[in-house]
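Tertiary structure, described
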Amino acid sequence: MQRIDLYKEFFTHEKEYYAEKLSDFEQGKKYSFNFWAGFLGLTWFCYRKMYLQSVVIFIATGIFAVITAITISIINPFNVGTYLYSQFVIWPLSFVVLGYLGNYLYLKKSVKIVDQFISSHNPEQTDIIKAAELREKGGTSMTSALICVGLLILLQLLS
């Protein structure tokens, strides 16, 4: 099984898209825009099994949201729409930042995992077993995405 085939097994869905992005990534083009990472945000990161990155992004976004809300309330203290103003800053900025970070972080993770996999596995292992192990380590998780959506909705209802 060739190296690119191992990556495709890791990617599972959208194999060709990510294989092309991986080629660009390895040639030095580290950042490319991923519409779905920007649009879905944390849900996309959870769907791609990037749990640590999701937590870090959630915390960073929360801190940025608080700073933005405080800044807007200082600039315009008597306006009831401070929350809406902060959302007009946070959402577009999150879309762009997460759109560019999505592929970068995903490809960085895939390179780390696939390289570890290559260096630690028996070369005589069958391709079927290799593919199954990589799909388990990578791939996607609709369950994780739905849990993320549920938690975000719950958090929104509580706030």
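Described below are features of the structure shown in this document. Keep in mind the model is a prediction, meaning the values are calculated, not measured.

**Regarding the pattern of salt bridges**
As enumerated under the stated definition, the model contains 4 salt bridges in all. Measuring nitrogen to oxygen at the nearest pair gives 3.0 Å for the salt bridge that ties K8 to E16. Judged by relative accessible area, E16 falls into the exposed class, the value being 53%. Several salt bridges converge on common partners, so that one network encompasses R3, E26 and D115.

**Points about the environment of V149**
The topology assignment puts V149 in helix α8 (residues 142-158). Of the residues examined, V149 reaches a relative accessible area of 33% and is grouped as partly exposed. Each C-alpha atom, one on V149 and one on C46, is 9.5 Å from the other, the two residues being 103 residues apart in sequence.

**Here we look at a nonpolar patch on the surface**
A cluster of nonpolar side chains, V55, F58, I59, I63, I67, L152 and L155, forms an exposed patch at the surface whose accessible area comes to about 600 Å². Breaking the nonpolar patch down by element, the ones donating at least two residues are α5 (51-75) and α8. The element best represented in the nonpolar patch is α5, accounting for 5 residues. Checked against the element boundaries, F58 lands in helix α5. Accessibility expressed as a relative area gives 38% for F58, which makes it partly exposed.

**Regarding the side chain of S110**
By the element assignment, S110 lies in helix α6 (residues 82-120). On the accessibility criterion, S110 (0% relative accessible area) is buried. Beyond its immediate sequence surroundings of up to four residues, S110 is in contact with Y7, F10 and F11.

**Comments concerning the packing of helix α1 (residues 3-11) against helix α7 (residues 127-137)**
Two numbers describe how α1 lies on α7: the axes approach to 7 Å, and their chain directions differ by 45 degrees. Overall, the two elements α1 and α7 adopt an arrangement that is oblique. Seen from above, α1 lies across α7 with right-handed handedness. Here α1 contributes L6, E9 and F10 to the contact with α7, which in turn contributes K130, A131, L134, R135 and K137. A per-class count over the contact of α1 with α7 returns 4 nonpolar, no polar and 4 charged.

Conventions and cut-offs
- Residues numbered from 1 in each chain as written.
- Predicted model: local features only at pLDDT ≥ 70, side-chain atom pairs only at ≥ 80, totals over all residues.
- Heavy atoms only, no water.
- Salt bridge = Lys/Arg side-chain N within 4 Å of Asp/Glu carboxyl O.
- Buried < 20%, exposed > 50% of the residue type's maximum accessible area, 1.4 Å probe, protein only.
- Helix = DSSP H or I, 4+ residues; strand = E, 2+ residues; numbered from the N terminus.
- Patch = residues over 30% accessible without salt bridge, like charges linked within 9 Å, V, L, I, M, F, W, Y side chains within 5 Å.
- Areas by Shrake-Rupley, 256 points an atom, 1.4 Å probe, with all protein chains shown as cover.
- Contact = heavy atoms within 4.5 Å.
- Axes fitted to C-alpha atoms, helices over the stretch in contact; angles between N-to-C directions.
- Parallel < 35°, antiparallel > 145°, perpendicular 65-115°, else oblique.
- Left-handed = near helix turned anticlockwise from the far one by under 90°.
- Nonpolar A, V, L, I, M, F, W, Y, C, P; charged D, E, K, R; others polar.

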